[in-house]
Amino acid sequence: MIALPRGPWRPRDALGSRRSIRGVGEGDAVGGHARVLAFDMDGTLFDTEGVKLASFRDAFAPLCANEEQLGQVDAYNTAHRGIPRAEKFQHILTDILGQPPRLQDEVDARYAHLLEQRLGQCPPIAGLAEFIAAVAAVRYVVSSAPEAEIHRMLTGHGLDAAFHGVFGRRWTKTQALGEICARHRDEHVVFFGDAPADRDAARQAGVAFIAVNPNAALKAQVQDSIADYTYLDQDTLAALLASAA
């Protein structure tokens, strides 16, 4: 499901998904005339969560002394989705595994190799193509992934022409959203994401936010706002999007 603010709205302002977890909208621009849209990549544009979690775990496996350590690595990564991977690598090496920071390049190379092998099997989030076709907007990708990885995913699924710009790990998400706002000073900007770091970036940049299939950590953080939103089931939302095409 996706949650939209109560009150008048148009289907062109919503994002549909067939996944079961609801999304939650924040900000008065969501139900209005937003036409500059920014998207996190993993879990928001592409269903990459399972592959990335497994690849992250496998990249650290050779450095873990036992399954308990590997479980700690897995738990830390799961709880810190949306954070730049370099920050997570450093913390895990020094604070969890007690390994020297110089091993970060080795882990990074192993992780990148695993992703190159596996990411091609990850499909776009269900409903994405219909949403792009239905909603006329300037679109950006704002992700902590390397830009080359983002471009490969977009090109591999024929979506590169649908986005006007890509901001990868050279930017923080807050910086990227600030740059987008600077480029479109007279427009509402809305950021779509699925992790607490995405919502934090939106708030810091002063843009509206929609949580798409939020992970458990983000879902818990928005529970206090649930009463402020009206929920639409997927079948209803799909019909509304179709009528707007």
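None of these values were measured; they are calculated from a predicted model.

Within the chain one finds 10 helices and eight strands. Within the span of the chain, comprising 245 residues, buried residues form 51% of the whole. The long-range share in the chain, meaning contacts at least 24 apart out of those at least 6 apart in sequence, stands at 70%. Element-wise, carbon and sulfur atoms account for 50% of the exposed surface of the chain, whose accessible area totals about 11100 Å².

The next point concerns the side chain of Thr-48. Within the element layout of this structure, Thr-48 appears in the loop between strand E3 (36-39) and helix H1 (49-60). When its relative accessible area of 0% is taken as the criterion, Thr-48 is described as buried.

Next up on the list: the packing of helix H3 (residues 85-96) against helix H4 (residues 104-118). Interhelical geometry of H3 versus H4 gives an angle of 125° and a closest axis separation of 10 Å. In terms of axis orientation, H3 runs oblique to H4. Here H3 and H4 pass one another in a crossing that is right-handed. Listed contacts from H4 to Arg-85, Ala-86, Phe-89, Gln-90 and Leu-93 of H3 are Gln-104, Val-107, Asp-108, Tyr-111 and Leu-115. Among the residues forming the contact of H3 with H4, the class breakdown is six nonpolar, two polar and two charged.

What follows concerns the confidence of the model for the chain. Within the chain, residue pLDDT values average 77, and 73% of them lie at 70 or more. Contacts for the low-pLDDT stretch residues 224-245, under 50 throughout, to residues beyond four places or in other chains number 46 contacts.

The subject of this paragraph is empty space enclosed by the protein. A complete count under the given rule lists three cavities of 30 Å³ or more for this structure. Space inside the largest cavity adds up to approximately 260 Å³. As for the largest cavity, its lining consists of 19 residues, and the residues nearest its centre are Asp-42, Lys-52, Arg-81, Gly-82 and Lys-88. Elements with a contribution of two residues or more to the lining of the largest cavity: H1 and H3.

A separate point is helix H2 (residues 67-79). Here H2 is 13 residues long and its end C-alpha atoms lie 18 Å apart, about the 18 Å a rise of 1.5 Å per residue gives. Gln-69, Leu-70, Val-73, Tyr-76 and Asn-77 are the residues of H2 that are buried. Along the axis of H2, the buried positions cluster into a sector of 125°, meaning they face one direction only. Turned more than 90 degrees away from the buried face of H2, the exposed residues are Glu-67 and Glu-68. Against the buried residues of H2 lie H1 and H3. With a side-chain oxygen positioned 3.1 Å from the backbone nitrogen of Glu-68, the residue opening H2 is Asn-66.

About the thresholds
- Residues numbered from 1 in each chain as written.
- Predicted model: local features only at pLDDT ≥ 70, side-chain atom pairs only at ≥ 80, totals over all residues.
- Heavy atoms only, no water.
- Helix = DSSP H or I, 4+ residues; strand = E, 2+ residues; numbered from the N terminus.
- Buried < 20%, exposed > 50% of the residue type's maximum accessible area, 1.4 Å probe, protein only.
- Contact = heavy atoms within 4.5 Å.
- Areas by Shrake-Rupley, 256 points an atom, 1.4 Å probe, with all protein chains shown as cover.
- Axes fitted to C-alpha atoms, helices over the stretch in contact; angles between N-to-C directions.
- Parallel < 35°, antiparallel > 145°, perpendicular 65-115°, else oblique.
- Left-handed = near helix turned anticlockwise from the far one by under 90°.
- Nonpolar A, V, L, I, M, F, W, Y, C, P; charged D, E, K, R; others polar.
- pLDDT = per-residue confidence, 0-100.
- 1 Å grid on protein atoms, 1.4 Å probe; cavity = no way out; pocket = protein on both sides within 12 Å on 5 of 7 lines; lining within 4 Å.
- Points joined across faces, edges and corners; volume = space filled by probe spheres on them.
- Expected span 1.5 Å × (residues − 1).
- Arc of directions from axis to C-beta.
- Polar contact = N/O pair within 3.5 Å; in protein donor to acceptor, adjacent residues only side chain to side chain.

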